[in-house]
Amino acid sequence: MKVRLLHTGDVPPGHVRSAFSGLAPPLVPGEAMPFRASLSATYDRTRAQYDAFSVLEAVPSPEAGWLNLLLVGVDLFVPALTYVFGLSHVGGRRGVLSLSRLKPPEESAVSEELLLRRLAIEVAHELGHAAGLVHCAVGECAMHRSLWPESIDLKNPAYCLSCRALIASE
Ligand SMILES: [Zn+2]
Ligand SMILES: [Zn+2]
């Protein structure tokens, strides 16, 4: 399955390159391209955050054999949660991922290396959902659920064997 990484202007080019080159097998880098549509209509003034469901709707549906993931710098929410790292419909073949919570302000000691590792893991996570995977019980699998940035660090930027086999069979 090929991956198209769309990115808004507030995502550093180095992050896009890193996410692209670090894609978890069996995902294959396809292309990276700027996302030019405005997300201003998805902004919620009351929460001062962007509505993840509305942002996800703005991501174009890919052609057969592809997954589209939009990387954004802005903070995302869903109504029941304070924030989300990202959002995808399971099997919907498109997703959105925010950089904003991967390095919380209070974690000033987080290195660039650790941040890029978290990015690779959560890119794999959202693309896994987009490809049809649900959360995985294996603690190190990229598809294990993470609610806090530090819990992302317990995972690998890769799928466990069964998740990998499920994606490959799509
Ligand atoms: Zn998830
Ligand atoms: Zn797994």
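Please read these numbers as outputs of a predicted model, since none were measured by experiment.

**Some thoughts on helix α5 (residues 161-168)**
In an α-helix, one full turn covers 3.6 residues, which means residues spaced three or four apart are oriented alike. Looking only at α5, the buried set comprises Cys163, Arg164 and Ile167. The arc that holds every buried residue of α5, seen down its axis, measures 100°, which confines them to one face. The outward face of α5, more than 90 degrees from its buried face, is lined by the exposed residues Leu161 and Ala165. Contacts from the buried residues of α5 go to α3 (112-130).

**A few points about the packing of helix α1 (residues 13-21) against α3**
At a minimum axis separation of 9 Å, α1 and α3 run at an interaxial angle of 55°. It follows that α1 is oblique to α3 by the angle criterion. The hand of the α1/α3 crossing is right-handed. Side by side, α1 and α3 meet where His15, Ser18 and Ala19 of the first sit next to Leu116, Leu119, Ala120 and Val123 of the second. For the contact of α1 with α3, the class distribution of residues is five nonpolar, two polar and no charged.

**Here we look at the environment of Gly92**
One can find Gly92 in the loop between β7 (86-88) and β8 (94-98). Since 18 C-beta atoms lie within 10 Å of it, Gly92 is described here as partly exposed. Expressed as a C-alpha distance, the spacing of Gly92 and Gly132, which sit 40 residues apart in the sequence, is 7.2 Å.

**Thoughts on the sheet that holds strand β3 (residues 43-44)**
Strand order in the open sheet made by the three strands is β3-β4-β6, with mixed pairing throughout. Only two strands of the sheet have a single neighbouring strand rather than two, namely β3 and β6 (76-77). Summarising the sheet, strand β4 (residues 49-51) and β6 pair through two bridges and their orientation is parallel. Directly across from Asp51, in β6, lies its bridge partner Phe77.

How each quantity is defined
The written sequence of each chain sets the order in which its residues are numbered from 1. Naming scheme: in the order in which they are written, chains are lettered from A and ligands are numbered from 1. Only residues with pLDDT of at least 70 are given local features in this predicted model, and only at 80 or more are side-chain atom pairs given and counted; all residues enter the totals for whole chains, interfaces and linings. As a rule, residues whose C-beta atom has 12 or fewer other C-beta atoms within 10 Å are exposed, those with 20 or more are buried, and those in between are partly exposed; C-beta atoms are placed from the backbone. For helices the rule is a DSSP run of H or I covering at least 4 residues; for strands it is a run of E covering at least 2, with both sets numbered from the N terminus onward. Summarising the geometry, the arc corresponds to the directions from the helix axis toward the C-beta atoms. Two residues qualify as a contact pair if the distance between their C-beta atoms, derived from the backbone, is within 7 Å. Interaxial angle, 0 to 180 degrees, is taken between N-to-C directions of lines fitted to C-alpha atoms, where a helix line uses only the stretch in contact. Throughout this description, any angle smaller than 35 degrees is read as roughly parallel, any larger than 145 degrees as roughly antiparallel, any in the 65 to 115 degree range as roughly perpendicular, and the remainder as oblique. Handedness of each helix crossing follows the sense of rotation of the near helix against the far helix: counterclockwise by less than a right angle gives left-handed, clockwise gives right-handed. Each residue is assigned to one of three groups, with Ala, Val, Leu, Ile, Met, Phe, Trp, Tyr, Cys and Pro labelled nonpolar, Asp, Glu, Lys and Arg labelled charged, and all others, Gly among them, labelled polar. Pairing between two strands requires that DSSP report at least two bridges joining them.

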